[in-house]
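Tertiary structure, described
Residue strings, one per chain:
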Amino acid sequence: MRRISAVVLAVAGAIAVGGIALHRHEPINALWIITAALCIYLLGYRFYAAWIATRVLLIDPSRATPAERLNNGRDFVPTHRAIVFGHHFAAIAGPGPLVGPTLAAQFGYLPGTLWILVGAVLGGCVQDMTILLLSTRRDGRSLGQMARDELGPLGGFAALIGTLLILVVLSAVLGLVIVNAMKHSPWATSTVAATIPVAILVGLYLRWWRPGRVLEASVIGVALVLGAVLAGGWIDHQATLRSWFDYASLPLAAAVVIYAWAAATLPVWLLLAPRDYLSTFLKLGIVALLAVAIVLTHPQLKMPAVTQFIDGGGPLFGGTVFPFVFITIACGAVSGFHALVASGTTPKLISNEADVRLVGYGSMALESFVAIMAMIAATLLDPSVYFAINSGAGVVGATPELAVHTISGWGFPVTTGQMQALAQAMGERTLFARTGGAPSLAVGMASIFGSSFGRGLAALWYHFAIMFEVVFILTTLDAGTRVGRFMLQDLLGQMWTPLGRTSWYPSVLFASTLLVAAWGYFLYVGVIDPNGGVNILWPLFGIANQMLAAIALSVATGILIKSGRARYALVTLVPLAWLALVTTAAAWQKLTSADVHIGFLAAASDLSAKLAAGALSAERAAVAPQLIFNQRLDAALTVLFTAILWLVILDMARVCVRRLRGLPVRSSSESPHQPSRLAAVP
């Protein structure tokens with residue numbers, strides 16, 4: 001029966017993928033994409049993931065995990081697999097699967113959809129599961145620590161520095177998307193703020209009041225979160241209360257920084273784990289509801305398969321479809337950030353190695369399905385509306401009249417009246433230049449829900465979607481900050497041993513403050529950018545993210561070959577080769593391109609010349625020096641990230657060649673096998 005079901009899935013998936021690829025000049029139904037995605041993910045999890053777990057990683061359910069052996073009640077805590085899955089999925093599913101596909105839709109639906117499906121099953125899911133198991137076998141060590149222990153001091157130090165710097169950029173982008181989604185939206189801000197005390201309540205409930213009562217806590221927490229959404233709508237219509245939650249970008253950025261600092265310093269059971277767990281119910285519920293709504297309405301995609309922007313010059317970001325569709329999609333297919341979570345908080349919570357397949361491969365497959373939902377929601381919008389929402393004022397014009405004139409000139413006619421009516425229906429003042437991808441995705445989601453469950457509730461659906469997106473991303477930011485704190489403490493511990501103790505509170509506070517200050521700077525630069533910050537930060541985010549994935553796959557490949565499993569190394573080596581090619585090509589273009597929409601240095605020179613000539617408005621001239629500096633800093637970081645990537649790859653190759661030739665290499669840092677007492681507990 002299993003073989004028959006597998007054949008049916010394979011045939012259905014092949015037909016659906018063929019339908020997606022061959023449609024060109026007529027609208028395509030979203031059901032084709034849903035069918036292809038479900039078939040591919042189920043086949044990948046059932047067969048490819050099972051084969052990797054059994055033959056490549058040699059998962060052993062009887063082996064004690066670091067959560068059991070090193071249980072300290074703060075960072076190492078044996079946790080129920082459902083909560084670990086919820087925490088991990090919530091932590092990894094940040095802006096990438098939502099914003100990346102939404103931005104990549106400027107190329108059309110086809111390039112991004114194909115990469116999401118193929119990249120996740122063969123690359124992203126494999127990376128996540130592999131790094132999670134390798135870290136679990138090494139006492140929950142971070143990616144940088146594993147690189148240093150397994151490859152050597154040179155490649156290890158480069159990987160540690162690279163991952164830490166990359167994490168700073170990733171965190172800044174996470175914060176920027178959150179700020180752009182919540183600014184001047186009291187509904188979204190009040191709802192997200194309410195999820196913090198709810199998470200603390202659930203954490204206390206499970207820790208002290210009703211230990212082990214996961215179902216009870218879940219029901220209470222989910223009910224309170226849903227109540228917060230409805231309460232946010234009521235607050236939005238109360239003049240006095242609305243003013244309490246109506247903030248511009250800079251105050252929101254400060255609030256995000258403070259929250260991330262608190263999440264990194266408080267015990268994991270008090271805020272981080274319960275908040276991520278609760279948000280998973282919301283995330284899974286929304287994704288399932290979207291899928292049901294799409295099945296019920298089977299809508300037609302309005303965005304063409306490919307647009308004129310595949311050759312470069314797109315309004316959302318510059319660059320051709322290769323290589324920029326890959327770095328823009330980011331987490332929806334392959335994400336280096338996931339390797340930080342898989343070697344950060346999650347391996348310290350895994351209570352049994354048998355959970356690694358579900359938590360690692362399964363979470364990434366589910367996140368990729370979220371990316372598919374985001375691609376569908378974005379491409380269901382009229383292209384004119386899509387570009388009006390996502391294009392920055394510096395690209396299309398500062399007034400609605402200039403914006404509609406520019407966008408209509410691209411061949412996507414739109415009117416100010418059309419956009420005003422849409423904004424009113426969504427309960428917003430305006431939807432022009434709401435960059436970052438989150439607002440346009442919320443409009444797409446609201447239109448899907450409205451078609452299925454009532455168009456009169458469009459404002460509720462829109463703000464519900466905004467809250468969903470912000471919660472989605474905020475859980476990644478808090479987990480990422482905590483992981484970054486672990487890595488920074490490891491680095492500081494090389495200078496003074498006590499600073500390397502992850503549970504020593506002075507070190508916790510010092511490292512957390514340094515980390516949030518670093519990414520808070522980049523967040524500030526993105527907030528003051530007249531184009532919404534996306535043009536400055538997202539390309540660097542994509543390049544850094546994919547380079548980090550390549551570093552993770554390099555470490556995994558080196559460990560596999562060192563451990564005598566060289567014949568299985570292609571599992572990680574093939575996606576590594578592709579990512580190395582893509583990221584190097586993208587970095588080269590961002591450094592050398594003379595197009596100001598692509599090249600960091602070209603953009604800095606152009607803005608510098610305009611500033612010297614007095615050709616900028618007073619508002620833009622005030623922030624121009626900061627933007628010029630940051631463009632040049634982005635170029636320098638791109639050079640550094642590329643150098644670190646190839647240094648790690650070459651160091652990995654050196655170790656592998658020595659191992660294959662029978663020469664001595666560093667001994668494995670894998671912890672000795674200890675039988676698990678938890679495995680025997682029913």
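Preceding block: the structure.
What comes next concerns the included structure. Since the model is a prediction, treat every value here as computed from it, not as a measurement. The numbers attached to residues start from 1 for each chain and follow its sequence in the written order. In keeping with the model being predicted, local features are shown solely for residues with a pLDDT of at least 70 and side-chain atom pairs are shown and tallied solely at 80 or more, while totals for entire chains, interfaces and linings include all residues. Side-chain measures were taken over the full set of non-hydrogen atoms in the model, leaving aside hydrogen atoms and water.

1. Details of the overall build of the protein chain
Secondary structure follows DSSP: runs of H or I at least 4 residues long count as helices, runs of E at least 2 residues long count as strands, and numbering of each begins at the N terminus. A tally of helices and strands in the protein chain yields 27 helices and 0 strands. Radius of gyration here is computed from C-alpha atoms only, and the compact-globule reference equals 2.2 Å multiplied by the residue count raised to the power 0.38. A globule of 682 residues ought to have a C-alpha radius of gyration of about 26 Å, and the protein chain, at 24 Å, matches this closely. Overall size of the protein chain, expressed as C-alpha extent along the three principal axes, is 70 × 55 × 55 Å. Across the 682 residues of the protein chain, 61% fall into the buried class. Sequence-distant contacts, at least 24 apart, represent 83% of the contacts inside the protein chain between residues at least 6 apart. When accessible area is computed with a 1.4 Å probe and restricted to protein chains, residues below 20% of their type maximum are described as buried, those above 50% as exposed, and intermediate ones as partly exposed. Note on contacts: a residue pair qualifies if any of its non-hydrogen atoms lie within 4.5 Å across the two residues.

2. Here we look at the packing of helix H14 (residues 321-329) against helix H25 (residues 570-592)
Running from amino to carboxyl end, H14 crosses H25 at an angle of 110 degrees, the nearest separation of the two axes being 9 Å. Judged by the inter-axis angle, H14 sits roughly perpendicular to H25. In terms of crossing hand, the pair formed by H14 and H25 is left-handed. Residues Phe322, Pro323, Phe324, Phe326 and Ile327 of H14 lie in contact with H25, whose contacting residues are Trp578, Leu581, Val582, Ala585, Ala586, Gln589 and Lys590. Here an axis means a line fitted to C-alpha atoms, over the contact stretch when the element is a helix, while the angle between two N-to-C directions is reported on a 0 to 180 degree scale. Relative orientations are named as follows: roughly parallel for angles under 35 degrees, roughly antiparallel for angles over 145 degrees, roughly perpendicular for angles from 65 to 115 degrees, and oblique for any other angle. Note on convention: the crossing is left-handed when the near helix lies turned anticlockwise from the far helix by less than a right angle, right-handed when the turn is clockwise.

3. Some details on the side chain of Gln127
With respect to the helices, strands and loops of the structure, Gln127 is situated in helix H6 (residues 109-136). Throughout this description, a polar contact denotes any pair of N or O atoms lying within 3.5 Å of each other; where both atoms belong to protein, one of them has to be capable of donating a hydrogen while the other can accept it, and for residues adjacent in sequence the pair is counted only when both atoms sit in side chains. Among the polar contacts made by the side chain of Gln127, one reaches the main-chain carbonyl oxygen of Ser335 at a distance of 2.8 Å. Not counting residues up to four positions away in its chain, the partners in contact with Gln127 are Ser335, Gly336, His338, Ala339, Ala549, Ala552 and Leu553.

4. Some remarks on a nonpolar patch on the surface
What goes into a patch is any residue over 30% in relative accessible area without a salt bridge, connected to like charges within 9 Å or, for nonpolar side chains (Val, Leu, Ile, Met, Phe, Trp, Tyr), within 5 Å. Here the accessible surface of atoms and residues is derived via Shrake-Rupley with a 1.4 Å probe, and residues count as covered only by protein chains that are part of the display. Any carboxyl oxygen of Asp or Glu that lies within 4 Å of a side-chain nitrogen of Lys or Arg is treated as forming a salt bridge with it. A cluster of nonpolar residues, Leu201, Trp208, Trp209, Ile220 and Leu224, forms a patch on the protein surface that exposes about 520 Å² of accessible area. Among the secondary structure elements, those contributing two or more residues to the nonpolar patch are helix H9 (186-209) and helix H10 (214-236). Counting residues per element, the nonpolar patch draws most heavily on H9, which supplies 3 residues.

5. Looking at helix H26 (residues 600-613)
Helix span, as expected, comes to 1.5 Å for every residue beyond the first. The end-to-end C-alpha separation of H26 is 20 Å, in line with the 20 Å expected for 14 residues at 1.5 Å each. At the exit of H26 stands Gly614, carrying a positive phi of roughly 70 degrees.

6. Structural notes on the side chain of Thr65
Position of Thr65 among the secondary structure elements: in the loop between helix H2 (30-56) and helix H3 (66-69). Excluding residues that lie within four positions of it along the chain, Thr65 makes contacts with Thr136, Ile350, Ser351, Asn352 and Glu353.

7. Focus on the pattern of salt bridges
Applying the stated criterion across every chain, the model contains 14 salt bridges. Through salt bridges with shared partners, a single network forms among Arg63, Arg137, Glu353 and Glu670.

8. Details of the nonpolar core
To qualify as a nonpolar core, a set must consist of buried Ala, Val, Leu, Ile, Met, Phe, Trp, Tyr and Cys residues joined through side-chain atoms within 4.5 Å. Formed by 206 residues in total, the largest nonpolar core has its most connected members in Tyr41, Leu143, Met373, Ile376 and Trp519. Ranked by residue count, the leading element in this core is helix H22 (residues 458-492), at 19 residues. In this view, Leu143 contacts Ile131, Thr163, Ala339, Leu340, Ser343, Leu548, Ile551, Ala552 and Val555; residues no more than four positions away in its chain are not counted. Counting 9 residues, the second largest nonpolar core, distinct from the first, contains Val525, Leu607, Leu616 and Ala624.

9. Things to note about the environment of Tyr386
Structurally, the position occupied by Tyr386 is in helix H17 (residues 383-390). Residue Tyr386 is classed as buried on the basis of its relative accessible area, which comes to 0%. The spatial distance from the C-alpha of Tyr386 to the C-alpha of Ala248 is 23 Å, given a sequence separation of 138 residues. Among residues more than four places away in sequence, those in contact with Tyr386 are Thr102, Leu103, Ala105, Gln106, Met303, Leu316, Ala378 and Leu381. Of the polar contacts made by the side chain of Tyr386, one reaches the backbone oxygen of Leu103; its length is 3.2 Å.

10. Regarding the environment of Val571
Mapped onto the secondary structure, Val571 falls in helix H25. Along the sequence, Val571 and Gly124 sit 447 residues apart, while their C-alpha atoms lie 11 Å from each other. Not counting chain neighbours up to four residues away, the residues in contact with Val571 comprise Tyr48, Trp51, Ile52, Val56, Leu122 and Val126.

11. Topic: the packing of H6 against H25
With their axes 10 Å apart at the nearest point, H6 and H25 run at an angle of 125 degrees to one another. Compared by their axis directions, H6 and H25 come out oblique. For the crossing formed where H6 meets H25, the hand is left-handed. Here H6 contributes Trp115, Leu122, Gly123, Val126 and Thr130 to the contact with H25, which in turn contributes Val571, Thr572, Pro575 and Trp578. Each residue receives one of three labels: charged for Asp, Glu, Lys and Arg, nonpolar for Ala, Val, Leu, Ile, Met, Phe, Trp, Tyr, Cys and Pro, and polar for the others, Gly being one of them. Residues belonging to the contact of H6 with H25 are distributed by class as follows: 6 nonpolar, 3 polar and no charged.

12. Regarding the packing of aromatic side chains
A ring pair, where both rings are aromatic, is described by two values, the distance of the centres and the angle of the planes. Aromatic pairs are defined between Phe, Tyr and Trp rings, using the six-membered ring for Trp, whenever the two ring centres lie within 6.5 Å; interplanar angles under 30 degrees are classed as stacked, those over 60 as edge-to-face, and all others as tilted. If you walk through the whole model with that rule in mind, you get 15 aromatic pairs. Aromatic pair Tyr48 and Trp51: ring centres 6.3 Å apart, planes at 10 degrees, arrangement stacked. Taken together, the positions of Tyr48 and Trp51, both in helix H2 and 3 residues apart, correspond to about one turn of that helix. With relative accessibility at 33%, the residue Trp51 sits in the partly exposed group. Their ring planes at 80 degrees and their centres at 5.0 Å tell us that Tyr386 and Phe387 sit as a pair that is edge-to-face. Each member of the pair Tyr386 and Phe387 is classed as buried. Through pairs of rings, three or more aromatic residues link up here, namely Phe309, Tyr386, Phe387, Trp410 and Phe412. Note on geometry: a ring has a charge over it if NZ (lysine) or CZ (arginine) is within 6 Å of the ring centre and within 35 degrees of the ring normal. Across the ring face of Phe47, the terminal group of Arg46 is positioned such that the distance to the ring centre comes to 4.8 Å. Between Lys590 and the ring centre of Phe600, over which it is positioned, the NZ or CZ distance is 4.5 Å.

13. Here we look at the environment of Thr379
On the secondary structure map, Thr379 appears in helix H16 (residues 356-379). Along the chain, Thr379 and Arg63 lie 316 residues apart, while their C-alpha atoms are 47 Å from each other. Only 2.7 Å separates the side chain of Thr379 from the backbone oxygen of Met375, close enough to count as a polar contact.

14. Considerations on the state of the cysteines
Note that a disulfide, as used here, is simply two cysteine sulfur atoms within 2.5 Å. Applying the stated criterion to the full structure yields 0 disulfides. Not part of a disulfide, Cys125 finds its nearest cysteine sulfur in Cys331, a span of 13 Å.

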